[in-house]
Amino acid sequence: MLQAATGKLFTNRENPRTTLLKGVVYTNLDLAVVDQFTTKVGTLISMDTSHTPTALAYEMTESMEAAEPEPGVLASRTMGAYIDDFADVASFSVRVICSPDVHIAERLLNQRRRPGQPHPSERLARFYDASVRADLADIAAFNEFTEQLIGLQRVTYMAVIQSIRTYVAAVHRMSDDLNLAYTLLVMCIESLVQKFDGHEPQWSDIPEEKRRGVDKALEDVDHDPARAVRDAVLDVIHPRLSYRFGQFILAHLPADYFTVQADAQKHPIGRRDLEAALQNLYGVRSGYVHTLKPLTKEFLHFASHRETCEDDDKLTFTFQGLFRLTRAVIIEYVRKAEKVDHEPYHYEWDNPHLLRMKLDPSLWIYNPEAFNSQTPRHHLEGLVLLLDQCLVDFPNRKLHHPTRVIDKGFSIQSQMAEAMRVSFLGFAYLSDFFLGTVQTHRVFSQTEVDLLNRPDVDSLIAQALMGSDTGWAPSEHKKQLDQYYKKRHTKTGIKVSQNVEACMGLALAERYRLAGDSPGALAALSAAAKDFPHLKQLRHMGEEFDQERPIDWRSIIYPRWAAPRATLECNGL
């Protein structure tokens, strides 16, 4: 949220509301040369402390878009929305430990050496030193970096901030998980490569041994169809990502990486060695990510402040070399990336203090203004959720008949696609079945009843909740049940509670029983018991199965629900 606090993302930039926020970060940075310094993202101020970690005051001016005070308008996001990102940016730029959590800083800076293990400072210079005295060059570089960082386009800024967080996480993991730290460093750059390297995959990018089989299969296929097949293959794979990874690094090496920046290193890497080590780097990451292949004991023993070492006859970046390379590439990428002064953006959803939550259906399901030809499935899903809650807690919940919504639905039924009509009819039928009264009762036409009874996921849900047998062939019932599970977590699907899902599963077992297929019924009962372990009453149904006794799934799933035709409303819910 640091970028949002500057006002750069505001739609209305006039008369912003400003608040001075104050916090504290704990660090091994010593501001000996200055009492304080100001950057684009705030000011660090020295405080009198006599022990490590040092406490530094952090102040920033938060800008909020102009708005009159009213419900839903934030007065301030508070310092908590900014201070973690600031600490990460400071840690990354100045190469120190920096955290708003004193316990994290103390753990990292005052830890004891593990038996037989070198201290992290022996593998990574500066970060873990007891005290790091900042000089004017460090402060100037930090100031310049933050200004360029804030100037990025929002999508680029968010990606870079995530890379910086991952880089700092790698620094912290140096004290407890070296394999993870090494992998995180590679991922810092990999995330930027996949989003922003601009690479357009070509068929030649795929290694020849992997192309050979496809090329042979397409030998007798005309050019255009063969090209379409190859393009389709390219759409679903990431050809030579390791090659793109290396090219991205080489394209974003600072011009002074082997000169001015190298002068600050005890054992700087040369250009040819860097290119050789790059060939092995992505493989080390892949070995750990895919098979948890650890770094070798020899590598961990000999890795020092040198930037490379030979490991299994391969030139490999040490932690020192990889930390410096990753940091330099990210900084150079930020420097080269496009900057904008003003970019209206819906930034508030990036606020770590805000969460997106679904409204309970009871808050909107009675509002006809919220209903249109595209929402019947959404309304059916909401009604089923509310009915399930009522049936579980019977008779302690109350629902009302959504008469006005149903009236509107019938008035616009001609505007609905057929799938939405089925959803609406299910919504209306369930409402009448559970909540209907003499005044709200509606006679459905035979056409509407036939449409609702036709094999369909929405019809399956409605009939399972009502305790009605679908009358479909068991294979058709199973097909619709499988279709429900296939789409329940997609935008075009519908998601109901596990209780209703269990009803559908037991209704399938009843379909098999009615068809005289006892093995099919037993298999469906066994599947339901495994799918819904919280419903302990399902576990012994297979043992108690009787081909002659109907499976009353509604009484099994909702034992508190007794009168099969009493409505939830007339029972006082």
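Above this text is the structure in question.
Every residue gets a number counted from 1 within its own chain, in the order that chain's sequence is written. At least 70 in pLDDT is required for a residue's local features to be given in this predicted model, at least 80 for side-chain atom pairs to be given and counted, and no such filter applies to totals for whole chains, interfaces and linings, which use all residues. Processing note: side-chain calculations cover all non-hydrogen atoms of the structure and skip hydrogens and water entirely.

*Asks:* Help me understand the packing of aromatic side chains, please; the structure alone is not making it clear to me.
*Replies:* We describe a pair of aromatic rings using the distance from one ring centre to the other and the angle between the two ring planes. Aromatic pairing here means that ring centres of Phe, Tyr or Trp (its six-membered ring) are within 6.5 Å. Orientation follows from the plane angle: under 30 degrees is stacked, over 60 is edge-to-face, and everything else is tilted. On inspection of all chains with the given rule, the structure shows 21 aromatic pairs. With a centroid separation of 5.7 Å and an interplanar angle of 35°, the aromatic rings of F10 and Y347 are classed as tilted. Placement of F10 in the loop between α1 (2-5) and β1 (17-27) and of Y347 in the loop between α13 (319-336) and α14 (376-392) is noted, with a sequence separation of 337 residues between them. Each residue's exposure class comes from its accessible area (1.4 Å probe, protein chains only) as a fraction of the maximum for that residue type: buried when under 20%, exposed when over 50%, partly exposed otherwise. For Y347, a relative accessible area of 6% puts it in the buried group. When the centroid spacing of 3.9 Å and the interplanar angle of 15° are considered together, the rings of Y58 and F86 count as stacked. Here F86 lies in helix α2 (residues 83-94) and Y58 lies in strand β5 (residues 54-64), a separation of 28 residues in the sequence. With respect to burial, Y58 and F86 carry one shared label: buried. Sitting over a ring, as applied to charges here, requires NZ of Lys or CZ of Arg to be within 6 Å of the ring centre and within 35 degrees of the ring normal. Stacked on the ring of Y257, the Lys or Arg R324 has its end atom at 3.9 Å from the ring centre. It is R356 that lies over the ring of W349; its NZ or CZ is 4.2 Å from the centre. In DSSP terms, a helix is any run of H or I states spanning at least four residues, a strand is any run of E spanning at least two, and both are numbered starting from the N terminus.

*Asks:* Can you help me understand the environment of G426 in this one?
*Replies:* Along the chain, G426 turns up in helix α16 (residues 418-435). In this structure the C-alpha to C-alpha distance between G426 and L383, which are 43 residues apart in sequence, comes to 9.9 Å. If near-sequence neighbours (up to four positions away) are discounted, G426 is found in contact with L380 and L452. Note on contacts: a residue pair is in contact if any heavy atoms of the two residues lie within 4.5 Å.

*Asks:* Would you take a moment to explain helix α11 (residues 271-291) for this structure?
*Replies:* In an α-helix there are 3.6 residues to a turn, and that puts residues three or four apart on one side. For α11, built from 21 residues, the straight-helix expectation of 30 Å at 1.5 Å per residue is met to within 8% by its first-to-last C-alpha distance of 31 Å. When α11 is considered as a whole, its buried residues turn out to be L274, A277, L278, N280, L281, Y282, V284, R285, S286, G287 and Y288. Within two residues after α11, L292 carries a phi angle of roughly 55°, on the positive side. Here a helix's expected span is defined as the number of its residues, less one, multiplied by 1.5 Å.

*Asks:* Would you mind going over the sheet that holds strand β3 (residues 36-39) with me for this structure?
*Replies:* Working definition: the strands of a sheet are paired by backbone hydrogen bonds and lie parallel or antiparallel to each other. Strand order in the open sheet formed by five strands is β3-β4-β5-β1-β6, and the pairing between neighbours is antiparallel. Each of the sheet's edge strands pairs with one partner strand only, and the pair in question is β3 and β6 (98-99). Two strands qualify as a pair provided that DSSP identifies no fewer than 2 bridges between them. Note: strand β4 (residues 42-46) against β5, four bridges, orientation antiparallel. Residue L44 lies in a different strand from β5, and its bridge partner there is Y58.

*Asks:* Help me understand the nonpolar core, please; the structure alone is not making it clear to me.
*Replies:* In this structure, F317, F319 and L325 are the most contacted members of the largest nonpolar core, which totals 92 residues. Top element by residues in this core is helix α6 (residues 178-196). It accounts for 10 residues. Contact partners of F317, with chain neighbours within four places excluded, come to Y182, I269, L274, A277, L278, L281, F299, E307, T308, L322 and L325. The definition of a nonpolar core used throughout is a set of buried Ala, Val, Leu, Ile, Met, Phe, Trp, Tyr and Cys residues joined through side-chain atoms within 4.5 Å. Within the second largest apolar cluster, 66 residues are counted, among which are W364, V405, A464 and L535.

*Asks:* I would appreciate a short explanation of the pairing of β1 in the present structure.
*Replies:* Here is the key point about a regular strand: its side chains alternate between the two faces of the sheet. For β1 and β5, the ladder comprises 11 bridges, and the chain directions are antiparallel. Note on β5: the bridge partner recorded for T18 is S63.

*Asks:* Which parts of the structure should I look at to understand the side chain of S93?
*Replies:* Along the polypeptide, S93 turns up in helix α2. In contact with S93, other than residues within four places in its own chain, are A141, F142, F145 and R327.

*Asks:* I'm lost on a negative patch on the surface in this one. Help?
*Replies:* Note that patches include only residues with greater than 30% relative accessible area and no salt bridge, and the join distances are 9 Å for like charges and 5 Å for nonpolar side chains (Val, Leu, Ile, Met, Phe, Trp, Tyr). Here the open area of atoms and residues is found with the Shrake-Rupley method and a 1.4 Å probe, where only the protein chains shown may cover a residue. Any carboxyl oxygen of Asp or Glu within 4 Å of a side-chain nitrogen of Lys or Arg constitutes a salt bridge here. Counting rule for charge: Lys and Arg are taken as positive, Asp and Glu as negative, and neither His nor the chain ends is counted. By convention, charge coordinates are those of NZ in Lys, CZ in Arg, CG in Asp, or CD in Glu. Among the surface-exposed residues, E298, E310, D312 and D313 lie close enough to one another that they form a single negatively charged patch. Locating D312 in the fold gives a position in the loop between β8 (308-311) and β9 (314-317). Note on D312: relative accessible area 62%, which makes it exposed.

*Asks:* Would you take a moment to explain the pattern of salt bridges for this structure?
*Replies:* It is possible for side chains of opposite charge to pair when their charged atoms get near one another. Evaluation of the coordinates by the stated rule reveals 24 salt bridges. The residue D85 makes a salt bridge to R165 at a minimum N-O spacing of 3.0 Å. Taken together, the positions of D85 in helix α2 and R165 in helix α5 (residues 154-173) put the pair 80 residues apart, joining distant regions of the chain. Here R165 falls in the partly exposed class, since its relative accessible area comes to 29%. Between K495 and E501 there is a salt bridge, with its nearest N and O atoms 3.7 Å apart. Overlapping salt bridges, with partners in common, bring together E62, R77 and E348 in one network.

In short, the description is geometric, and any link to function would need to be established separately.
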